[in-house]
Each structure stands twice: as structure tokens, then as C-alpha cells.
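Each chain is listed here by its residues.
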Amino acid sequence: MPDGVPPRVQKGSTPCDANLPLLVLNALSATDAPDANLLKRYQSLVGALLYCATNCRPDIAFAVGLLCRAMAKPTPELLHAAEHVLSYLYRNRDVGLRYEAGEKQIEGYTDSDWAGCPDTKYSRGGYIFTSFCTPIVWTSKKMHAVAASS
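Conventions used here
Residues numbered from 1 in each chain as written. Predicted model: local features only at pLDDT ≥ 70, side-chain atom pairs only at ≥ 80, totals over all residues. Heavy atoms only, no water. Helix = DSSP H or I, 4+ residues; strand = E, 2+ residues; numbered from the N terminus. Buried < 20%, exposed > 50% of the residue type's maximum accessible area, 1.4 Å probe, protein only. Contact = heavy atoms within 4.5 Å. Areas by Shrake-Rupley, 256 points an atom, 1.4 Å probe, with all protein chains shown as cover. Expected span 1.5 Å × (residues − 1). Arc of directions from axis to C-beta. 1 Å grid on protein atoms, 1.4 Å probe; cavity = no way out; pocket = protein on both sides within 12 Å on 5 of 7 lines; lining within 4 Å. Points joined across faces, edges and corners; volume = space filled by probe spheres on them. Nonpolar A, V, L, I, M, F, W, Y, C, P; charged D, E, K, R; others polar. Phe/Tyr/Trp six-rings, centres within 6.5 Å; stacked < 30°, edge-to-face > 60°. Lys NZ or Arg CZ within 6 Å of the ring centre and 35° of its normal. Axes fitted to C-alpha atoms, helices over the stretch in contact; angles between N-to-C directions. Parallel < 35°, antiparallel > 145°, perpendicular 65-115°, else oblique. Left-handed = near helix turned anticlockwise from the far one by under 90°.

Chemist: Mind showing me how you'd approach the overall build of the chain here?
Modeler: The number of helices and strands found in the chain is four helices and three strands. Going residue by residue from the N terminus, the α and β elements of the chain occur as α-α-α-α-β-β-β. In the chain, which comprises 150 residues, the share counted as buried stands at 29%. In the chain, the share of contacts with a sequence separation of at least 24, taken over all contacts with a separation of at least 6, comes to 64%. Total accessible area on the chain is roughly 9,900 Å²; 56% of this is exposed by carbon and sulfur atoms.

What follows is the structure, given as C-alpha cells:
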């Protein structure tokens, strides 16, 4: 792949594949040290994606959050997954945050999931606040407490 050209992925795809959580778990359980060149490329790319996810593209936040977990132990498969997110951004470069006037000035939504994490003993929760139909604050994170029952 030439430098500066994102890999081609089919239109209409999502920022990440369904196997990304498994790739992250496999990378974290690996015992060998990653290649220095791979480490530098992966950290640089995921750092740039993290900036996008936190400032203007909440649609990639889940994928980037998973990729960040393996920041110290990247694999070639995870680098390919990060390039997939970059390709998604390239194909959807006309998507972004757009503020429009509306009736409701500020709205907030929250949700939690007790079994959606790869390590199912922890729950995941998140929220989003919008102003004039555009996200202004959002988060999604694994809860620190272990759920005993629901």
C-alpha cells in the first residue's frame, strides 16, 4: 500500500469489525515484545484517531477505545484494524458535527450494558449530551465496580 493512501474497504462498512475485541484480547495476552517500527506506527495512528474520536467524530469512539487498550502491545492485525478505521473516516469525510437551530437546546441520554464487554464481569456505561441536535459531550467506558447481580 503506498504511503498516504488509506486501504480500500467496501462502502457502507462500520468503523470496526466484530472481531476487534478478540484481536485486542489476543494482543494483550501475548508475551513477546512488539516490533519497534510497528509500535511507533500503531501508536501514531491510534493517537491521531483518538483525537478525532474525542473532538469531532463520536462514531469511531468505540473502535478507537478498543484500539487504545492495546497501545503497548500492537499486532499487525490491530494495525490493519486501525487502518480500517482510517479508511472509514476517509470514505465518510463529509460526516461531522453540524450545529443547527432547533426547538430543544440541550438534551441528554444515557445507557449501560451489563454483558457487552469482552470481560463480562464488568458493565459498560455511557452518556451523550446534545445542543441543537449535535453532540457536545459524550463518553463510553467500562465501569470500575463488578456487578454482583442485576
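Next comes the rest of the write-up.
Chemist: What am I meant to see in the environment of Asp113 here?
Modeler: Looking at the secondary structure, you find Asp113 in strand S1 (residues 106-113). Exposure remark for Asp113: the relative accessible area of 37% places this residue in the partly exposed category. A sequence separation of 12 residues divides Asp113 from Gly125, and the C-alpha atoms of the two residues are 6.3 Å apart. Excluding its chain neighbours within four sequence positions, the residues that come into contact with Asp113 are Ser123 and Arg124.

Chemist: I would appreciate a short explanation of helix H2 (residues 36-55) in the present structure.
Modeler: Residues three or four positions apart in an α-helix share a direction because the helix packs 3.6 residues into each turn. Taking 1.5 Å of rise per residue, the 20 residues of H2 would be expected to cover 28 Å, and the 29 Å separating its terminal C-alpha atoms lies within 8% of that figure. Within H2, burial applies to Leu38, Tyr42, Leu45, Val46, Leu49 and Ala53. The buried side chains of H2 occupy one side of the element, clustering within an arc of 95° when seen end-on. The outward face of H2, more than 90 degrees from its buried face, is lined by the exposed residues Ala36, Lys40, Ser44, Tyr51 and Thr54.

Chemist: Can you help me understand the layout of surface pockets in this one?
Modeler: Over the atoms rolls a probe the size of a water molecule, and its path tells where empty space is left. Taken as a whole, the largest pocket spans an internal volume of roughly 580 Å³. Along the walls of the largest pocket sit 24 residues, with Ala61, Phe62, Arg124, Thr139 and Ser140 positioned nearest its centre. Contributing elements (two or more residues each) for the lining of the largest pocket: H2, helix H3 (61-69), S1, strand S2 (122-131) and strand S3 (134-146). Residue contributions to the lining of the largest pocket peak at seven residues, all from H3. Here the lining of the largest pocket is composed, by residue class, of 12 nonpolar, eight polar and four charged.

Chemist: What's the story with the packing of aromatic side chains in this structure? I'm lost.
Modeler: Any aromatic ring pair is given by two values, namely how distant the centres are and how the planes are angled relative to each other. By the definition in use, this model includes one aromatic pair. A cation over a ring is seen here: Arg93 above Tyr90, with NZ or CZ 4.4 Å from the ring centre.

Chemist: What am I meant to see in H3 here?
Modeler: Taken together, the buried positions of H3 are Ala63, Val64, Leu66 and Leu67. The arc enclosing the buried residues of H3, seen along the axis, measures out at 160°, which places them on a common side. Buried positions along H3 lie against helix H1 (20-29), H2 and helix H4 (76-91).

Chemist: Hey, could you run me through the packing of H3 against H4 in this one?
Modeler: Packed helix pairs are characterised by how far apart their axes lie and by the angle those axes make with each other. Interaxial distance between H3 and H4 falls to 11 Å at its minimum, and their mutual angle equals 155°. On the basis of the axis angle, H3 is roughly antiparallel to H4. Note that H3 runs across H4; the crossing there is left-handed. Contacts between H3 and H4 involve Ala63, Val64 and Leu67 on the former and, on the latter, Leu78, Ala81, Ala82 and Val85. For the contact of H3 with H4, the per-class residue count stands at seven nonpolar, no polar and no charged.

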